Amino acid sequence: MEVTLGLNGPAVSPLGIGTWAWGDKLFWNYGKEYDATDLQAAFKTALNSGILFFDTAEIYGFGESERLLGEFMQQTDRPVTIATKYFPLPWRFNGDAVADALTASLKRLQLPTVTLYQVHWPFDFLMGQTTLMNALADEVKQGRIQAVGVSNYSAEQMRQAHRLLADRGVPLAVNQVQYSLLARQIERNGVLSTARELGVTILAYSPLAQGLLTGKYTPETYTPPTGARKLDPRFSRNGLEKLAPVINLLKSIGERHGRTPAQVALNWLIAQGNVIPIPGAKNPNQVEQNAGALGWSLTESEVAELAAATQKD
């Protein structure tokens, strides 16, 4: 079963793989804890599991994530779908910057066209949204982009992007935002309802809350977090104690379906409709774990129970 991006955009698998960690040494320990061999095995496992949708960005590993994906795609004839992102740096102040960045991304990916091209953050600086959206619409007309998306846009910013693109006859297909059982801001700030109103698909990044929803981190097995997780108070012992009831609920629901907490958490997102989770994966085991979220469904009462257990006051 595939999901359409936007109202009538390209069709992709209902779950993707996020590749922020692919080639990234700055935030992730690429080259130490895992390497290109692990990532290639993850890529192959994804394809064998029916996951053919990968999300990357020019900024991930400073181009290395795109380059690795480009390399891996040369070794398969499966119809892989790629989403990448344009980063609105301050010195990119005219439409040519978009064309140049896209050219560089396509070169690294070894592709003539990309399925989805997203604006990574809603920064304007000197370019302005009108110039930016027109430059993206130009690329759609030229066939180098099949669908346009944004990322981290508020409801109002998404509405503006949608309007500017519509003036050019191009639909806004996607808004990629943080969304998980532990990060439900988009339900309260108008992003989710506006996306539904406009026919924009939500790509949910960090759908397992950096691993908190996998059940791997517990107060009983507490060790001080490393890397980016050091900055997140939810990974402290106190944070994990607060989270324990949610993890226990994920476990008990998972047992009914023969699934893990992570698979239940991802399935809950899919159950929201119009939402495609894009969990990260650095090795084949993580891909298999993610893929186990597909091919079954939570009951309506289980979806509601999880929503109630993670609802902020």
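This structure is a prediction, so every number in the text was calculated from the model and none was measured.

Asker: Just to check I follow, could you spell out the pairing of strand S8 (residues 172–178) for this structure?
Answerer: Consecutive side chains along a regular strand alternate between the two faces of the sheet. In terms of burial, S8 is largely enclosed, as 6 of its 7 residues are buried. Here strand S7 (residues 145–151) pairs with S8 via 4 bridges, running parallel. Within S8, the residue paired with glycine 149 across the bridge is valine 174. Between S7 and its parallel partner S8, the chain crosses via helix H5 (residues 155–166), and the hand of that crossover is right-handed. The sheet contact formed by S8 and strand S9 (residues 201–205) spans 5 bridges and is parallel. Paired with valine 177 across the bridge in S9 is alanine 204.

Asker: In this structure, what is going on with the packing of aromatic side chains? I would like to understand it.
Answerer: For any two aromatic rings, the description comes down to two numbers: the centre-to-centre distance and the angle of the planes. What the rule picks out here adds up to 10 aromatic pairs. Judged by centre distance (5.6 Å) and plane angle (65°), the ring pair of tyrosine 30 and tyrosine 34 falls under edge-to-face. Within the aromatic cluster, the residues linked to one another by ring pairs are Trp22, Phe43, Phe54 and Phe72. Between the NZ or CZ atom of lysine 282 and the centre of the ring of tyrosine 34, over which it lies, the distance is 5.6 Å.

Asker: What exactly am I supposed to notice about the layout of surface pockets here?
Answerer: Gaps left between atoms show up when a probe the size of a water molecule is rolled over them. Volume-wise, the second largest pocket comes out at about 350 Å³. At 5 residues, the largest contribution of residues to the lining of the second largest pocket is made by helix H8 (residues 237–257). Classifying every residue of the lining of the second largest pocket by side-chain character gives 6 nonpolar, 5 polar and 5 charged.

Asker: Any chance you could explain the environment of isoleucine 278 here in plain terms?
Answerer: Tracing the backbone through its elements, the reader meets isoleucine 278 in the loop between strand S10 (275–277) and helix H10 (284–291). Given the relative accessible area of 4%, isoleucine 278 is considered buried. Along the chain, isoleucine 278 and leucine 208 lie 70 residues apart, while their C-alpha atoms are 9.4 Å from each other.

Asker: Whenever I open this one, the sheet that holds S10 confuses me. Can you help?
Answerer: Backbone hydrogen bonds hold the strands of a sheet together, and the pairing may be parallel or antiparallel. Across the sheet, which stays open at both edges, the 8 strands sit in the order S3-S4-S5-S6-S7-S8-S9-S10 with parallel pairing between neighbours. With partners counted over all chains shown, the strands left at the sheet margins are strand S3 (17–18) and S10, one partner each. In terms of strand pairing, strand S4 (residues 53–55) meets strand S5 (residues 81–86) through 3 bridges, oriented parallel. Bridging across to S5, phenylalanine 53 finds its partner in threonine 81. Against the sheet, helix H9 (residues 261–271) engages S9 and S10, with an angle of about 160° to S10.

Here is what the cut-offs are and how they apply
- Residues numbered from 1 in each chain as written.
- Predicted model: local features only at pLDDT ≥ 70, side-chain atom pairs only at ≥ 80, totals over all residues.
- Heavy atoms only, no water.
- Buried < 20%, exposed > 50% of the residue type's maximum accessible area, 1.4 Å probe, protein only.
- Helix = DSSP H or I, 4+ residues; strand = E, 2+ residues; numbered from the N terminus.
- Pairing = 2+ DSSP bridges.
- Right-handed = clockwise from strand over helix to strand, strands pointing away.
- Phe/Tyr/Trp six-rings, centres within 6.5 Å; stacked < 30°, edge-to-face > 60°.
- Lys NZ or Arg CZ within 6 Å of the ring centre and 35° of its normal.
- 1 Å grid on protein atoms, 1.4 Å probe; cavity = no way out; pocket = protein on both sides within 12 Å on 5 of 7 lines; lining within 4 Å.
- Points joined across faces, edges and corners; volume = space filled by probe spheres on them.
- Nonpolar A, V, L, I, M, F, W, Y, C, P; charged D, E, K, R; others polar.
- Contact = heavy atoms within 4.5 Å.
- Axes fitted to C-alpha atoms, helices over the stretch in contact; angles between N-to-C directions.

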